[in-house]
Amino acid sequence: MADQTIQPPRESFNLSMLLYDQRYRGLTIQVVVLILVLSGFFWLANNAATNLAAIGKPIRFDFMDDTAGYDISQHLIEYNSTDSHGRATLVGLMNTLLVAFMGCVTATIIGVVGGVLRLSNNWLVSRLMTLYVEIFRNVPVLLWILVCMFTFTALAPQPREFRGENPEATMKMWDSVAVTNRGIYLPEPLFSRPLGDIDIGVFKISIELLVLLGLLAGGILFARWNAARANKIQAETGERPTTIWMAVAAIVIPPIVVLIALGFHVGKPELTGFNFQGGINMSAPLIALWLGLSLYTGTYIVEAVRSGIESVNKGQAEAASALGIRPGRTMKLVVLPQALRVILPQLTSQYLNLTKNSSLAIAIGYMDLVATLGGITLNQTGREMETILMTMGIYLTISLLISFSMTRFENRVKLVER
Amino acid sequence: MKTSIFISALAAAVALGGLASAQTLDDVKARGKINCGVTEGTLGFSARDGEGKHQGFDVDFCRALGAAIFGDSEAVEYIELSSKNRFTALSAGQVDLLYRTTTWTFSRDVDLKTSFVGVNYYDGQGFLVPTGLGVSSAKELDGATVCIETGTTTELNLADFFRVNGMSYTPLPVGGTTEAKALFEEGACDVYTTDASALAGVRASLKDPAAFQILPEIVSKEPLGPTVRHGDDQWGDVVRWTQNALVAAEELGVTSANVAELANGTDNPEINRMLGSEGALGAMLNLDADWAARAIAATGNYGEIFERNIGENTPIGLARGLNAQWTQGGLQYSPPFR
């Protein structure tokens, strides 16, 4: 018998197949839509550029090199009013990142603790957490930031109250911390024999910090190597050598030696003139913004954590309990790791929210990205389109970076099925 | 979401381009009212009164313009703008002009594509401090925390002043006047700085004005005046000469009380030309012959506007100073009506 397989007719490709052949039609439609969307965007962008040029404001970015001319009180890198708008933008960006980072850390702590407490069997504790969540979540965050700012400035003493024979206010912690309504002044680490800074163009890195971090990392590496060695000895002989003392010594002693060698001492803030000088200053706007954002976003994380915990099958906790694991450890070792899978995606969006909400800073005088680039720079140069596009671009980049790193973390804790 | 924001920003720019080039005077006449950009609330210059109506020095100039064009000083829509969005609103065509305590500077006039067509108030930046601070000069402010209403030339003058005098300071730039004032009252800053005229208003609105003083130093020149879009000279002329008419009226002794009588003709040819009984100045502006007479009748001359809103008998209590007529040693001077 001849072979029964039917050979499909070998057709040569022709253009009408793009429309009538099911194999190609989908592709054709997608390409056409893509071209339409892209040309739509191009038309909008081109139209905007042409019209801006027509009123004498073509899109240009060279104003970023002009002198900014304004001061920023909180600058993590060196800055003064003769620097460029570009550098002012960088200062604002770092202020945004600082408050976003501080806020995310604090909100997470509030959220995890609060989420666990919200499920507490203790009636009072769980109701208090419910109260906290409902109050903070249901009032706009801008109001909370303003409340924090005005409460702080109203309650904390003014710098001039520290003056005189019998001052109305005194410094705390052995005269090293000053709490004023301008901000909190903390003691700063100083070196009498400093090593200097490395100038990497945009900003300077202190060598002392690098050396200390290096020593710390080295100590931790040594401790881990030491623990691995102890594991090996334990496996061979059944007896585990004590590692704790060597680990502590490796981590603690080298930095202390270096600190002494560099002449480490603490610089205390002092009241001179109108304000305290010296020390590390956490300004009132920073504190208010940080508190407001953390307390507000914390409520959402509380809910995320609660829903995460509730999503873990009750049997898991019961099984752990049956094996004799105590409730605290059950939560830590059994429930939370599984809840993490549910919590993380919500956590990511809360981190994004917090970062974006930090742009409310201008209401209380915190100089973030929106206040510098999207605020004073915009107003002084009159380049609305450019500055707003740049501000949007920067926020987009920050958000995408947060999303990207959180997604990687999510993948690591994902349920791996065998 | 990301794309939709992008699209709306672009769409805004498209609209911005589309509206700006038209002939403003024709637009205004067709619309039947003027869109006048004013401050969000500076006592004396533009603020809402108890009935929610806008009152103030800047507002009166807008009203005069309404009277000049339409014969109706109420044919004005007041649009409150922050210092940050005022130029955007102007170039996008949301307002026809700004009477918004806006300082005439080189870069705003040249680079921002706006045109300043006059100065209705010669101002300068000053400092407000609590009397308890024990400071009598701005030169003693080294190390002070300074509250600023952000988005103004104020920040730049402040930076310059402290730099030139080798002093340090902590700026606390706050988004709105209300917030800045509240923080100043609570002592979050030692000094409040803005234009001296607005400072008088701020001081008058504090709970205990007597506990605060304005320091003698004026650290900058702040000529405040009406702003229009660059390139529309016809509209610019209308705004410029309406204001000039109010200034000239004071110099020539024309007031809201006697303008109706003088408009019938006097033996002073300049008054006659201005009020329309001689020549055809109004027609040159594409306005009625009695445009200036209507403006003066609606608001009074420059001096009347000043005394009614910010003069020494008001809570603001500003002296004429630089804003006196040139014949009185001030800077207010109108080119001739000829």
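What comes next concerns the included structure. Numbering of residues starts from 1 in each chain and follows the order in which that chain's sequence is written. Each chain is given a letter, starting from A, and each ligand a number, starting from 1, according to the order in which they appear as written. Predicted model: local features are reported for residues with pLDDT of at least 70 only, side-chain atom pairs are reported and counted for 80 or more only, and whole-chain, interface and lining totals are derived from all residues. As a rule here, side-chain values cover all heavy atoms of the structure and leave hydrogens and water aside.

**What to know about empty space enclosed by the protein**
Over the atoms a probe the size of a water molecule is rolled, and this reveals where empty space is left. For clarity, the cut-off: Points on a 1 Å grid, built from protein atoms alone, make a cavity when a 1.4 Å probe fits but cannot get out and make a pocket when they are open with protein on both sides within 12 Å along at least 5 of 7 lines; residues with an atom within 4 Å of a point are the lining residues. Grid points are joined across faces, edges and corners, and a volume is the space filled by probe spheres set on the points. Numbering of helices and strands starts at the N terminus; helices are DSSP runs of H or I of at least 4 residues and strands are runs of E of at least 2.
In the structure shown here, the tally under the stated rule is 1 cavity of 30 Å³ or more. By volume, the largest cavity amounts to about 40 Å³. Lining the largest cavity are Tyr70, Asp71 and Ile376 of chain A together with Ile148, Glu155, Tyr169, Pro171 and Pro173 of chain B. Here the element with the most residues in the lining of the largest cavity is strand β10 (residues 169–174) of chain B; it accounts for 3 residues.

**Examining the interface of chain B and chain A**
Convention followed: Working rule for contacts: check all heavy atoms of both residues, and any pair within 4.5 Å makes them a contact. Buried area: the sum, over both parts, of the accessible surface (1.4 Å probe) that disappears when the two are put together. The salt bridge definition used is simple: a Lys or Arg side-chain nitrogen within 4 Å of an Asp or Glu carboxyl oxygen. Think of a polar contact as two N or O atoms within 3.5 Å of one another; within protein, one of them needs to be a possible hydrogen donor and the other a possible acceptor, and neighboring residues in sequence only count if both atoms come from side chains.
Between chain B and chain A, the contact holds 54 residues from the first and 52 residues from the second. For the chain B and chain A pair, buried surface summed over both sides reaches about 4,200 Å², with 63% attributable to carbon and sulfur atoms. The tally of links between chain B and chain A comes to 1 salt bridge. In this structure, Asp190 of chain B and Arg182 of chain A form a salt bridge, with 2.8 Å as the shortest nitrogen-oxygen distance. The interface formed by chain B and chain A holds 14 residue pairs in polar contact (both at pLDDT 80 or more) in total. Contributing elements (two or more residues each) for the side of chain B that touches chain A: α1 (2–19), α4 (86–91), β9 (144–149), α6 (154–164), β10 and α7 (177–185) of chain B.

**Description of the pattern of salt bridges**
For the record, the criterion: Working definition: with a 1.4 Å probe on protein chains only, accessible area under 20% of the residue-type maximum means buried, over 50% means exposed, and in between means partly exposed.
Per the stated rule, a full pass over the model turns up 20 salt bridges over all chains. Here Glu74 of chain B makes a salt bridge to Lys53 of chain B, at a shortest N to O gap of 3.9 Å. Of this pair, Glu74 of chain B sits in the loop between α3 (57–70) and β4 (76–80) while Lys53 of chain B sits in the loop between β2 (47–48) and β3 (54–55), placing them 21 residues apart in sequence. Here Arg240 of chain B ties to Asp237 of chain B by a salt bridge, and the two come within 2.9 Å at their closest N and O atoms. Residue Arg240 of chain B and its partner Asp237 of chain B are located together in helix α9 (residues 233–252), separated by 3 residues, close to a single helical turn. The class of Arg240 of chain B is partly exposed, set by a relative accessible area of 29%. Look at Asp237 of chain B and you get partly exposed, because its relative accessible area is 28%. Residues joined in a network through salt bridges with shared partners are Arg118, Glu303, Arg306 and Glu310 of chain A.

**A short note on the sheet that holds strand β9 (residues 280–283) of chain A**
All names here are of chain A. Counted only if it meets this: Two strands qualify as a pair provided DSSP detects at least 2 bridges between them. To define axes, lines are fitted to C-alpha atoms, for helices over the stretch in contact only, and angles between the resulting N-to-C directions are given on a 0 to 180 degree scale.
In spatial order, the strands read β1-β2-β9; together these 3 strands make up an open sheet with antiparallel pairing. On the outer flanks of this sheet lie β1 (178–180) and β9, each paired with one strand and no other. Averaged over all neighbouring strand pairs, the angle between strand axes comes to 15°, with direction disregarded. Alignment of β1 against strand β2 (residues 183–186), held across 3 bridges, turns out to be antiparallel. Across the sheet, Ala178 pairs through a bridge with Tyr185, a residue of β2. Contacting β2 and β9, helix α8 (residues 284–311) runs over the sheet at an angle of about 55° to β9.

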